[in-house]
Structures are given as C-alpha cells and as structure tokens.
Amino acid sequence: MNLGNSTNPSEIPAALKATIRAAQPEIDKNSDLPAQLIDELREVGAFRLLTPKEFGGYEVSLAAALRVYEGLGRIDASVGWIVWNANFGFLAALLDETGADQVWRNGDEPIFANSGSPGVAVPVEGGYRVSGTWKIVSGIRHATWLSVIAVVTCDGKPVMTDKGAPDVRLFLLRPGQYTVHDTWQVNGMRGSGSNDVTAENVVVPAELAARFDVPARIDRPLYRGFTPTLVFPGCTAVALGVAQSAIDETVRLAKTKKSVLSSAVLADLPTTHAVMGRSEAALQAARNYLLDAAESIDAAGETATPVTLGQRATLRAAMSHAAQVSREVLGAMYELGSSSSIYDGNPVERQFRDGMVALQHVNHAAGYFEAVGRVRFGMDPGVPLF
C-alpha cells in the first residue's frame, strides 16, 4: 500500500510558500485553512512525515520533521501548527494490522486531528465506549480521523497496566462520532481552527485503540522510542519559526523606518544592532538545543537503545527554553517596530499575535523547568506524559 512521494520533505515549505502567503487573508477571515490549501499540503506529503513508508509515508527522523514544522512556521504559524497536529501517521506503527488497514484502506491518506486531554474509555465487547470533552482540537474540520487520549476505566476507576500505571490509550474516532463546537474566537493563530470536540459513549473497536507504552508493531528507528516525543516538540519548532520570521521582517522594516526620537533610520542605530544581535544569537542557540535533543532521541532509535528519562528531560528543557527565548524575541521585535507593529497588514503584527498564541500551549508551560530539575535530582518529574 504505497502512495508514493514526489516531494523531498525538506522542500515542502519552499514549495508552498507562495500559496500559503496568498491564502493568509482568507485564513484570518474564516478562522481555518482553506480546503484547497489542505489539499495541496496533502498532495506534497506534509501530513505523512512520520507515517511508515509502506503506508505511503516519508518516515523521516524527528529532527527532520521539526525542521519542516519550523520552515512552515516561518511562513504562517497556523499552517505549521496544522501540519504538526496532523502528523499522527506513526499510529500505523502502533495499531495492529487490522486497525492500520482500516485507516489507510485502499491507499487513502488520512488527515488526523488530535487531542492530548484525557477522556474515558470503558471496555465493552469487541472494543471500548469512549466519552470526553477535548478542547482546542486544531484542524478538526478537515480531519478524516480524530485521535484522542482516554484512560481505560472499570467501575469508575482507572485500569492499571503491568507497570503499575493507568492504562492510557489513543483511540481513533471518525467524523460523525463526535460533535465539533465553534469555540475558536481568538486573536492569534486563527487559521488553526482549534475548536472544541465532545463525544459520548462512542464505540471504538479494539483494533482502533493504540497503546504507546509498549513496543510498536513496526520495529524501525523512528518508532522505537517513547512515542510522545514524536509529538511534543512540534509546537516549539513552529514557535521558533515564527520568531525567526519576526526577526527577518523587522530587519526589512528597520532599513526604512525612522526613529521618532532621533530621526535616524532604525537600521543605523547601535541600539537596534544590539537588540538584533542578541535576538539572533539567542534564537539560534535555542534552535540548536532543540534539534540536538531531537537528534539524541533519533540516535537512540537507530541503535535500538531505550530513550532514557534523562533524554526526555533534555527535550523538555530545550522546549521550555526555546519557548522562553521565542517570547523574548517576539516582544523585542514588536517593540523595535514601534507603531508599525500594531497595524493590520504588517507582518510583525501577525507574527506577534500568532507566536504568542502558539507559546500558550501547555507544552510550553514554565512548570516543565521544575519537572526537568526534579529529574536531574533523581526524582520523578511529577507530571504525566513527561
């Protein structure tokens, strides 16, 4: 079942840059991505970066996927965000053959939406009855499958695994099995279409429930590690891309904009040089740290070495650090642009509000620094799915 790939995944951002830029007014107006843009992203393979090759995927490394997300984030935060959220093709490696064949039936390429908030799954004959409310589900109106996390329960209590942890699984729902609520009225990243979703007593067959605390059915490097690490850092890569784009746009603006206080062109002022130099250095360091952490996880997969808690802590530290730096850079560029930064149509205005919304994601919570510190002292991180 090979759908084939015609585009080098690293070239996806450049291939669609003009199309994405042209769609931006419609993206903001409709609080979603246009269907035509979704089709083009699908055509070039943007949604199958992490999908196994036998299911038509690129099966790229985590670091390579992050570079694509960042590249798209430089063009448009919402597009990068949707592509990150839709890349759940690794499920083909987790599901059994029957389940994977249902999702990729007849060579069809799925488009996933997902939520990391937990619902509840009650075992029934042949599967599970899933219920829950999942907030901020990006790209849900374009999805052909919704992947949700749910805790398996019996008599109202979590079922425990052999490892003494709650049995948490990924469940796949089809459109029509859930209700989408129009809740995405926001000031930034409008095109992500991140509406809320509810489902009540939806029967999901066992073959469409995947565990990520056991070895994947497909034993290859990408799928050997702690599966959630394939998901977590994507939002950070998008935020880094937005922050870099803000720097690039501010450099262009500074070449012609004059300072109100001195009447000099901003690009000629030492203060501008200092702000830009610090921002570039901090952002590049944060990017390198994130990619280094991702490459460490990729290397573990290549050598069939278990991903350690320390490696996961490093990834989390890199994410939180990059988020902190991105906030600082976006603020610095917004301030440097002065009054120009507040007007619709100015790229920095859009990047500032989009970037700040992306940085509100729970994966960027400052509390993860504390969890990383706990690991360094040999303690439990104290947060789920670390």
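**Here's the deal with helix 3 (residues 62-75)**
Between the first and last C-alpha of helix 3 there are 20 Å, a value that for 14 residues agrees with the 20 Å anticipated at 1.5 Å per step. Where burial is concerned, most of helix 3 is hidden: eleven out of the 14 residues are buried. Of the positions making up helix 3, those classed as buried are Leu62, Ala63, Ala65, Leu66, Val68, Tyr69, Glu70, Gly71, Leu72, Gly73 and Ile75. At its buried positions, helix 3 is contacted by helix 1 (12-30), helix 4 (77-86), helix 7 (234-254) and helix 8 (270-302).

**Brief notes about the side chain of Asp196**
Checked against the element boundaries, Asp196 lands in strand 7 (residues 195-205). One polar contact links the side chain of Asp196 to the main-chain amide nitrogen of Ile136, over a distance of 2.9 Å. What Asp196 contacts, discounting residues up to four positions off in sequence, is Trp134, Lys135, Ile136, Thr179, Val180, His181 and Thr183.

**Some points on unusual backbone geometry**
Unlike most non-glycine residues, Glu59 shows phi in positive territory, near 50°. In this fold, Glu59 is placed in the loop between helix 2 (35-44) and helix 3. Of note, Met189 is a non-glycine position whose phi angle comes to about 50°, a positive value. Looking at the secondary structure, you find Met189 in the loop between strand 6 (179-181) and strand 7. The buried category is assigned to Met189, whose relative accessible area is 2%.

**Things to note about the pairing of strand 7**
Note that strand 2 (residues 127-137) and strand 7 share eight bridges and pair antiparallel. Opposite Trp134, over in strand 7, you have Val197 as the bridge partner. Pairing analysis gives three bridges linking strand 6 to strand 7, with the strands arranged antiparallel. By the bridge assignment for strand 7, Val180 is matched with Val197.

**A look at the packing of helix 9 (residues 309-336) against helix 10 (residues 347-358)**
At a closest axis distance of 10 Å, the pairing of helix 9 and helix 10 adopts a crossing angle of 155°. The pairing of helix 9 with helix 10 is recorded here as roughly antiparallel in orientation. Crossing angle aside, the handedness with which helix 9 passes helix 10 is left-handed. Note on element contacts: helix 10 touches helix 9 through Val348, Gln351, Phe352, Gly355 and Met356, opposite Arg327, Leu330, Gly331, Met333 and Tyr334. Of the residues contributing to the contact of helix 9 with helix 10, the split by class is six nonpolar, three polar and one charged.

**As for the packing of aromatic side chains**
For the structure on display, the rule yields six aromatic pairs. Ring centres of Trp81 and Trp84 lie 4.8 Å apart, and the angle between their planes is 80°; this geometry places the pair in the edge-to-face category. Of this pair, Trp81 and Trp84 both sit in helix 4, three residues apart, which is roughly one turn of that helix. On the accessibility criterion, Trp81 (4% relative accessible area) is buried. A ring pair is formed by Tyr128 and Phe171, whose centres lie 5.2 Å apart and whose planes are at 70°; its orientation type is edge-to-face. Within this pair, whereas Tyr128 is found in strand 2, its partner Phe171 is found in strand 5 (residues 168-173), the two being separated by 43 residues in sequence.

**Side note on the pairing of strand 5**
Walk down a regular strand and you will see the side chains alternate between the two sheet faces. Where burial is concerned, most of strand 5 is hidden: five out of the six residues are buried. Bridge analysis of strand 3 (residues 145-154) against strand 5 gives six bridges, and the strand direction is antiparallel. Residue Leu146 lies in a different strand from strand 5, and its bridge partner there is Leu173. Both strand 5 and strand 8 (residues 209-211) contribute to a ladder of three bridges, which runs antiparallel. The residue bridging Arg169 from the neighbouring strand is Arg211, located in strand 8.

Rules used throughout
Residues numbered from 1 in each chain as written. Predicted model: local features only at pLDDT ≥ 70, side-chain atom pairs only at ≥ 80, totals over all residues. Heavy atoms only, no water. Helix = DSSP H or I, 4+ residues; strand = E, 2+ residues; numbered from the N terminus. Expected span 1.5 Å × (residues − 1). Buried < 20%, exposed > 50% of the residue type's maximum accessible area, 1.4 Å probe, protein only. Contact = heavy atoms within 4.5 Å. Polar contact = N/O pair within 3.5 Å; in protein donor to acceptor, adjacent residues only side chain to side chain. Pairing = 2+ DSSP bridges. Axes fitted to C-alpha atoms, helices over the stretch in contact; angles between N-to-C directions. Parallel < 35°, antiparallel > 145°, perpendicular 65-115°, else oblique. Left-handed = near helix turned anticlockwise from the far one by under 90°. Nonpolar A, V, L, I, M, F, W, Y, C, P; charged D, E, K, R; others polar. Phe/Tyr/Trp six-rings, centres within 6.5 Å; stacked < 30°, edge-to-face > 60°.

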